[in-house]
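# Topology and contacts: notes
Okay, here's what each chain looks like letter by letter:
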Amino acid sequence: MDWASAQNNLGSIYQTLGQRTRDASRLEQSAAAFQAARQVYVRRKFPLDWAMSYCNLGNTLQLLGGVTDKPEHYSEAIAAYRDALREYKRETNPRQWALSQAGLGSTLHWLSMSNADPRILQDSIAARRAALEVLTIETAPVDWANAQNGIGMSLLNLGNIERTGKYLDNAGAAFTATLKVFTRESQPMQWAFEQSNLGDIH
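The text that follows walks through the structure, step by step, so that each part is easy to find. The model shown is predicted, which means the values in this text are computed figures rather than measured ones. (Residues numbered from 1 in each chain as written. Predicted model: local features only at pLDDT ≥ 70, side-chain atom pairs only at ≥ 80, totals over all residues. Heavy atoms only, no water.)

## Looking at the packing of helix α1 (residues 2–21) against helix α3 (residues 47–68)
- In the contact formed by α1 and α3, the axes pass within 10 Å of each other and the chain directions differ by 20°. Between α1 and α3, the crossing angle belongs to the class labelled roughly parallel. For the pair α1 and α3, the sense of crossing is left-handed. On α3, the residues touching Asn8, Gln15 and Gln19 of α1 are Met52, Asn56, Asn59, Thr60 and Leu63. (Axes fitted to C-alpha atoms, helices over the stretch in contact; angles between N-to-C directions. Helix = DSSP H or I, 4+ residues; strand = E, 2+ residues; numbered from the N terminus. Parallel < 35°, antiparallel > 145°, perpendicular 65-115°, else oblique. Left-handed = near helix turned anticlockwise from the far one by under 90°. Contact = heavy atoms within 4.5 Å.)

In structure tokens, the structure reads:
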């Protein structure tokens, strides 16, 4: 268990390094460490640790997809989040369930950028809306705002793919909601980003 915990910690460190430096090799080391931990974290004996390793792996693979611009990493991340959700249930592990849903929604959005599949965007929106059943502005403001932003982006892209304006009002509402958290004073870069998103709608 100590060895597995060390592997998990190592995976988290490599993930942070890879994210900060956009270094694919660090992210690959992160993925390998999380996979190694599952030699001990087997589902039958340690179901929540097993799920945690898959959620962590999903986070790393999503980052790797962005760094390498290879959609297959997004597909692998989606599979990892869905494995995590086999054990993370809303009733028993609401926060972990919600964060896995949010990660799934985010990865589905990025995967849709490579193939313009409206069904993937619809799945992304559904996953993030599910996450918002648990992630509230009071208990998890940044996670809540990020999920709202993701819903807005997916709705905007869905409208572009389907060549319709029917999603614009809901997208605008989602972007506007984020401004309750991303204020100009507290998070100026995020505030500006949301203003830009609102400009795309109007």
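From this point on, the discussion continues.
## Some remarks on the packing of aromatic side chains
- Applying the stated criterion across every chain, the model contains one aromatic pair.
- When the centroid spacing of 4.9 Å and the interplanar angle of 70° are considered together, the rings of Trp50 and Tyr54 count as edge-to-face. Within this pair, Trp50 and its partner Tyr54 are both found in helix α3, separated by four residues, close to a single helical turn.
- On the basis of relative accessible area, Trp50 is assigned to the buried category, the value being 8%.
- Using a relative accessible area of 15% as the deciding quantity, one classes Tyr54 as buried. (Phe/Tyr/Trp six-rings, centres within 6.5 Å; stacked < 30°, edge-to-face > 60°. Buried < 20%, exposed > 50% of the residue type's maximum accessible area, 1.4 Å probe, protein only.)

## A short note on the side chain of His109
- Relative to the helices and strands, His109 resides in helix α5 (residues 94–115).
- Those residues in contact with His109 that sit more than four places away from it in its chain are Leu121, Ser124, Arg128, Met153, Ser154 and Asn157.

## Notes on the environment of His202
- Take His202: it is sitting in the segment after α9 (188–201).
- Sequence separation between His202 and Ala33 is 169 residues, and the spatial gap between their C-alpha atoms is 46 Å.

## Focus on the nonpolar core
- Within the largest apolar cluster, 31 residues are counted, with the highest numbers of intra-cluster contacts made by Tyr54, Leu57, Tyr88, Trp97, Ala98 and Leu104.
- Listing elements by their share of this core, those giving two or more residues are α2 (24–37), α3, α4 (71–84), α5 and α6 (118–131).
- Sort the elements by how many residues they give to this core and α3 lands first, with seven residues.
- Ignoring sequence-local partners within four residues, the contact set of Leu57 consists of Ala31, Phe34, Gln35, Arg38 and Ala80.
- Core analysis: the next-biggest nonpolar cluster, separate from the first, contains 19 residues, Ala145, Phe175, Ala177 and Phe182 among them. (Core = buried A, V, L, I, M, F, W, Y, C linked by side-chain atoms within 4.5 Å.)

## Some words on the pattern of salt bridges
- Counting across every chain of the model gives five salt bridges.
- Here Arg86 ties to Asp83 by a salt bridge, and the two come within 2.7 Å at their closest N and O atoms.
- With a closest N to O distance of 3.2 Å, Arg119 and Asp117 form a salt bridge. (Salt bridge = Lys/Arg side-chain N within 4 Å of Asp/Glu carboxyl O.)

## Some remarks on α2
- Between its terminal C-alpha atoms α2 stretches 20 Å, which fits the 20 Å expected from 14 residues at 1.5 Å a residue.
- Those residues of α2 that sit buried are Leu27, Ser30, Ala31, Ala33, Phe34, Ala36 and Ala37. (Expected span 1.5 Å × (residues − 1).)

## Remarks on the environment of Thr68
- Mapped onto the secondary structure, Thr68 falls in helix α3.
- Between the alpha carbons of Thr68 and Leu198 there is a distance of 29 Å; along the sequence they are 130 residues apart.
- Engagement of the side chain of Thr68 in a polar contact is seen with the backbone oxygen of Leu64, the distance being 2.7 Å. (Polar contact = N/O pair within 3.5 Å; in protein donor to acceptor, adjacent residues only side chain to side chain.)

## What about unusual backbone geometry?
- Notably, Ala116 is not glycine yet its phi reads approximately 50°, a positive angle.
- Tracing the backbone through its elements, the reader meets Ala116 in the loop between α5 and α6.
- Located in the positive-phi region is Arg163, a residue other than glycine, with phi close to 55°.
- Residue placement: Arg163 occurs in the loop between α7 (141–162) and α8 (168–178).

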